[in-house]
Amino acid sequence: MSKIAVFFAQGFEEIEALTVVDICRRAGLETDMVSIMGEREVTGSHGICVKTDVLLEEVDFEGLDMLVLPGGMPGTKNLEACEPLMRQLDAFYQNGKCIGAICAAPSVFGHRGYLEGRNACSYPGFESHLAGAKVSENQVEVSGHVTTSRGMGTSIPFALAIVESFCGKEKADELAKTIVYR
C-alpha cells in the first residue's frame, strides 16, 4: 500500500490539508498528518486546531511514497523555514518520488528549483514564485512526479489527482462519484 504524508505547520489552510487526508484515506492510501511544530496539535490559518498523527522527527521517510504541502499563511512560510522537511523534500524530488503542493505552497517548489520546465499552478498572485515553470490556471497540474494546485476551491481535484497517481483513474473517478463530485 502506498503511504503519503501531509505536513502541518502553524497557519496551514485547513480545507486543503484535511481534504487531501480525507480523500486519500477513503481511497485506501495510508495517509499521515505530520506536525512540523514539535507538538501534535497544530492550529490552522482560520483558528481550527487539528491533532496530527505524528511529529516530523518520528517519520520514517524511507517508507513514504509522497510528501504533500498544504498552503495557507503563514503555514507555507513555516513549512519552507523547516530545514529538516526541506532536506527530505529535496531528496524526494531528486529521487523522482512524488511531491505535491497546493495554493501558496507551490512557491516552495519554485524557490527550490523543482518546477523548471514543468507545468505548474498556484494561488493567484504567487505565479512569480514558480521559477522556470510553464504557469497555468488549471485547477491541478501533474508534471511527472510533481503535482500542484491552485487553492482551497481546488482541494478535491488535487486530492483526486493524488489518488489517480497511486490507484488509477478508475478508482479516482469512482471515489469522485461516491463523494458526489462532478
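Thresholds, definitions, all that
Residues numbered from 1 in each chain as written. Predicted model: local features only at pLDDT ≥ 70, side-chain atom pairs only at ≥ 80, totals over all residues. Heavy atoms only, no water. Helix = DSSP H or I, 4+ residues; strand = E, 2+ residues; numbered from the N terminus. Rg over C-alpha atoms; globule rule 2.2 N^0.38 Å. Buried < 20%, exposed > 50% of the residue type's maximum accessible area, 1.4 Å probe, protein only. Contact = heavy atoms within 4.5 Å. Areas by Shrake-Rupley, 256 points an atom, 1.4 Å probe, with all protein chains shown as cover. Lys, Arg positive; Asp, Glu negative; His and termini not counted. Charge placed at Lys NZ, Arg CZ, Asp CG, Glu CD. Pairing = 2+ DSSP bridges. Axes fitted to C-alpha atoms, helices over the stretch in contact; angles between N-to-C directions. Arc of directions from axis to C-beta. Salt bridge = Lys/Arg side-chain N within 4 Å of Asp/Glu carboxyl O. Parallel < 35°, antiparallel > 145°, perpendicular 65-115°, else oblique. Left-handed = near helix turned anticlockwise from the far one by under 90°. Nonpolar A, V, L, I, M, F, W, Y, C, P; charged D, E, K, R; others polar.

Trainee: Give me the lowdown on the overall build of the protein, citing residues and values where you can.
Mentor: When its secondary structure is counted, the protein shows 6 helices and 11 strands. Here the protein has a C-alpha radius of gyration of 15 Å; the compact-globule value for 182 residues is 16 Å, and the two agree. If one aligns the C-alpha atoms of the protein with their principal axes, the spans along those axes are about 40 × 35 × 35 Å. In the protein, which comprises 182 residues, the proportion classed as buried is 52%. Here the contacts in the protein between residues at least 6 apart in sequence split such that 62% fall between residues at least 24 apart. Taken as a whole, the protein presents about 8100 Å² of accessible surface, with 48% of it coming from carbon and sulfur. Separation between the mean location of the 16 positive side-chain charges and that of the 25 negative ones in the protein comes to 3 Å.

Trainee: I'd like to hear about the sheet that holds strand β10 (residues 140–143), residue by residue, with values.
Mentor: Strands sit in the order β5-β2-β1-β6-β7-β11-β10 across an open sheet of 7 strands; the sheet is mixed. Strands with a single pairing partner mark the edges of an open sheet, and in this sheet they are β5 (54–55) and β10. By the bridge criterion, 4 bridges tie β10 to strand β11 (residues 146–149) in an arrangement that is antiparallel. By the bridge assignment for β11, Ser 143 is matched with Val 146. This element, helix α3 (residues 83–94), spans β1 (3–8), β6 (66–69), β7 (98–102) and β11 of the sheet and lies at about 130 degrees to β6. Contacts from helix α5 (residues 155–167) reach β1, β6, β7, β10 and β11, with the element oriented near 175 degrees to β7.

Trainee: Tell me about helix α6 (residues 169–178), residues and numbers included.
Mentor: Note on helix geometry: an α-helix contains 3.6 residues per turn, so any two residues three or four positions apart are oriented the same way. Turning to α6, its buried residues are Ala 172, Leu 175 and Ala 176. All buried residues of α6 lie within an arc of 105 degrees about the axis, which places them on one face of the element. Within α6, the exposed residues directed more than 90 degrees away from the buried face are Glu 170, Lys 177 and Thr 178. One or two residues past the end of α6 sits Val 180, with phi positive at roughly 60 degrees.

Trainee: Go over the pattern of salt bridges with me, naming the residues and quoting the values.
Mentor: By the definition in use, this model includes 7 salt bridges. Note that Glu 30 and Lys 3 form a salt bridge whose closest N and O atoms lie 3.3 Å from each other. Separated by 27 residues along the polypeptide, Glu 30 in strand β2 (residues 30–35) and Lys 3 in strand β1 bring together distant segments of the chain. The shortest N-O distance in the salt bridge between Arg 40 and Glu 58 comes to 3.1 Å.

Trainee: Break down the pairing of β7 for me, with residues and values.
Mentor: Regular strands place their side chains on alternate faces of the sheet. Most of β7 sits out of view: 4 of its 5 residues are buried. Bridge analysis of β6 against β7 gives 4 bridges, and the strand direction is parallel. Bridging from a neighbouring strand, Met 66 pairs with Cys 98 of β7.

Trainee: Quick one: what's the story with the packing of helix α1 (residues 14–26) against α5, residue by residue and with numbers?
Mentor: Two numbers describe a pair of packed helices, the interaxial angle and the distance between the axes. Contact pair α1 / α5: the axes reach a minimum separation of 9 Å and the direction vectors enclose 40 degrees. The orientation of α1 with respect to α5, classified from their angle, is oblique. You can see that α1 and α5 cross each other, and the crossing is right-handed. Mapping the contact onto sequence places Ile 15, Glu 16, Thr 19, Val 20, Ile 23 and Cys 24 in α1 and Ser 155, Ile 156, Phe 158, Ala 159, Leu 160, Ile 162 and Val 163 in α5. Looking at the contact of α1 with α5 residue by residue, the class counts come to 10 nonpolar, 2 polar and 1 charged.

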